[in-house]
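Observations on chain architecture
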Amino acid sequence: MSKRVLTTESGAPVADNQNSASAGVGGPLLLQDQHLLEKLARFNRERIPERVVHARGSGAYGHFEVTDDVTGFTHADFLNRVGKRTEVFLRFSTVADSLGGADAVRDPRGFAVKFYTEEGNYDLVGNNTPVFFIKDPIKFPDFIHSQKRDPFTGRQEPDNVWDFWAHSPEATHQVTWLMGDRGIPASYRHMNGYGSHTYQWTNAEGEAFFVKYHFKTNQGVRSLSSEQAAELVGRDPNSHQTDLLQAIERGVHPSWTLYVQLMPAAEAADYRFNPFDLTKVWPHRDYPLQRVGRLVLDRNPDNVFAEVEQAAFSPNNFVPGIGPSPDKMLQGRLFAYADAHRYRLGVNHTLLAVNAPKATTAQNYGRDGLMAVNSQGRYAKNYEPNSYDGPVETGRPLSAPLAVTGHTGTHEAPLHTKDDPFVQAGDLYRLMSEEERQRLVANIAGGLSQVTRDDVIEKNLAHFHAADPEYGRRVEEAVRALRED
């Protein structure tokens, strides 16, 4: 059987891939060696800018199958009947560290799902926590800068981390999640995923519901202590990537059951918490979980760079029957995610295999730009309307319109009756067992005690006292003990 011929990128056969062309034996190399220059030039450009957040990631393909009828709440086609399957790609990630960071660190985890539906790709971009540190996107760059490596020391600094939290009381709820037992998942397979934001579902009659997504792991929630994580990072920095890859390769396919909380749109205005505040949850006793379906991962990517690093998720990729809510953080991300991918991957990143629709074909008038491959033929036009049988609008909105009133300006979010920034942090603390509380307090004190400014420590302690008096007292005592050592 004859072997395939090695070629240059233009398709010309390569005569020698072991030796560069030189001016005589042992002489200097020649600029005319096209194969050498092409290989070196491509090698220099093998890396693209990494994500500013969620840089370190892993991913896998699978499917989502509807198990329960939700057609009374949404007319989304991929949810229109029990038993319907849709191909998916799921990307897991850490948030704060760089592409070379370790997996088993105390950090939220990204949980981003791309549904390749027959009505286009639907991207559900969330985390492994139901809440976040801030509720307005104008603070997102500041928050991330406080968590990243310090410009002078080149490492994450407790002074920066806790100084930002000291001035952001709404972060107390998420800090309690992060410093608790679920702050370091044992693997990507053993953690829940959440849409986190509030979204909108619209049914065939035009009725609107606000919705929160909960992906419950069928493997059971397992987490690591700080000591276990430190040991694992030293042994295998790629621990979560390794676990996911090997599990799927040996036929152990991780799965999650999708549940939703549904709030009739008319109830949002008078709910005791602002339902669009990303630092808040909807208690399950108010809006119980309703099962939707099952997500299964059963195929690893063949090329991590092409399919994980270049995977682009954007929460503005909706499908008919699903849309946005007034959630401020979601509204900011509707722009920011897509713009980040245009910068990192180019304006034609949606043509890459992992990002392109699979169950339908994208038809629009977007052309040209870097790496354009969609010429569409000599007779296709790149304007609309036209007289050449080009794609046309449907006139059918994806979701119900959102009511707006009042004057433009920079407004704080409207306060609901229970919109204290500490109420839900205290509720979460009181739900924990005594052993969980001990670990939570130790984790917080371990970081807060390293802060060099007393006023920053005092501001953070005040937040924990406000959440729960016992919570605050125990953290304060633990911080004092560590600082006196």
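Each chain carries its own residue numbering, running from 1 in the written order of its sequence. Reporting in this predicted model follows two pLDDT cut-offs: at least 70 for local features of residues, and 80 or more for side-chain atom pairs to be given and counted; totals over whole chains, interfaces and linings ignore these cut-offs and use all residues. As a convention, hydrogens and water are excluded, and side-chain values are obtained from all of the structure's heavy atoms.

Examining the environment of alanine 462
- Helix numbers and strand numbers start at the N terminus; a helix is a DSSP run of H or I with at least 4 residues, a strand a run of E with at least 2. Along the polypeptide, alanine 462 turns up in helix H11 (residues 454-467).
- Of the residues examined, alanine 462 reaches a relative accessible area of 40% and is grouped as partly exposed. Each residue's exposure class comes from its accessible area (1.4 Å probe, protein chains only) as a fraction of the maximum for that residue type: buried when under 20%, exposed when over 50%, partly exposed otherwise.

Observations concerning unusual backbone geometry
- In this structure, proline 385 follows glutamate 384 across a cis peptide bond, with omega equal to 5°.
- In this structure, proline 385 sits in the loop between helix H8 (328-345) and helix H9 (423-431).
- A positive phi is found at aspartate 368, a non-glycine position, where the angle reads about 60°.
- Note on placement: aspartate 368 falls in the loop between H8 and H9.

Quick look at helix H6 (residues 239-249)
- The set of residues buried in H6 consists of Ser239, His240, Leu244, Ala247 and Ile248. Seen along its axis, H6 keeps its buried residues to an arc of 150°; they face one direction.
- If you follow the buried residues of H6, they end up packed against strand E1 (57-66), strand E2 (85-94), strand E3 (109-117), helix H5 (226-235) and strand E9 (290-299).
- Residue glycine 251 follows H6 closely and has a positive phi angle near 85°. This arc is taken over the directions from the axis of the helix to the C-beta atoms. Two residues qualify as a contact provided that any one of their heavy atoms is within 4.5 Å of a heavy atom in the partner residue.

Here's the deal with the pairing of E1
- Among the 10 residues in E1, nine count as buried, and that is most of the element.
- Across nine bridges, E1 lies against E2 in antiparallel orientation. Bridged to serine 58 within E2 is phenylalanine 92.
- Sheet topology places E1 next to E9; six bridges connect them, and they run antiparallel. What sits directly across from histidine 63, in E9, is valine 296. Strands pair, by our definition, only if DSSP identifies at least two bridges between them.

Let's talk about the side chain of threonine 198
- Assignment of secondary structure puts threonine 198 in the loop between strand E5 (193-194) and strand E6 (199-202).
- The class of threonine 198 is buried, set by a relative accessible area of 0%.
- Polar contacts here mean pairs of N or O atoms no more than 3.5 Å apart (in protein, one a potential hydrogen donor and the other a potential acceptor; neighbouring residues in sequence count only if both atoms are side-chain atoms). Here the side chain of threonine 198 touches proline 275 through a polar contact of 2.6 Å, landing on its backbone oxygen.
- Once residues within four sequence positions are removed from consideration, threonine 198 is found in contact with Phe210, Val211, Lys212, Pro275, Phe276, Trp282, Ser325, Asp327 and Leu330.

Here we look at the nonpolar core
- Grouping buried Ala, Val, Leu, Ile, Met, Phe, Trp, Tyr and Cys residues that are joined through side-chain atoms within 4.5 Å yields what is termed a nonpolar core. If you look at the biggest cluster of nonpolar residues, it comprises 40 residues, and the most contacted ones within it are Phe133, Trp162 and Trp165.
- Non-local contacts of tryptophan 162, meaning those with residues more than four positions away in its chain, are made with Val175, Met179, Ile444, Gly447, Leu448, Val451, Val456, Asn460 and Phe464.
- Counting residues in hydrophobic clusters, the runner-up holds 37 residues, among them Val113, Tyr122, Tyr199 and Val260.

Observations regarding the layout of surface pockets
- Empty space within the largest pocket amounts to approximately 1,600 Å³.
- Elements represented by at least two residues in the lining of the largest pocket include exactly strand E4 (120-127) and H8.
- Sort the elements by how many residues they give to the lining of the largest pocket and E4 lands first, with three residues.
- Any residue that is not Ala, Val, Leu, Ile, Met, Phe, Trp, Tyr, Cys, Pro, Asp, Glu, Lys or Arg is counted as polar, Gly included; the first ten are nonpolar and the last four charged. Looking at the lining of the largest pocket, its residues break down into 19 nonpolar, 20 polar and 11 charged. Note on definitions: the grid is 1 Å and covers protein atoms alone; a cavity is a set of points where a 1.4 Å probe fits but cannot get out; a pocket is an open set with protein on both sides within 12 Å along at least five of seven lines; lining residues have an atom within 4 Å of a point. Grid points are joined across faces, edges and corners, and a volume is the space filled by probe spheres set on the points.

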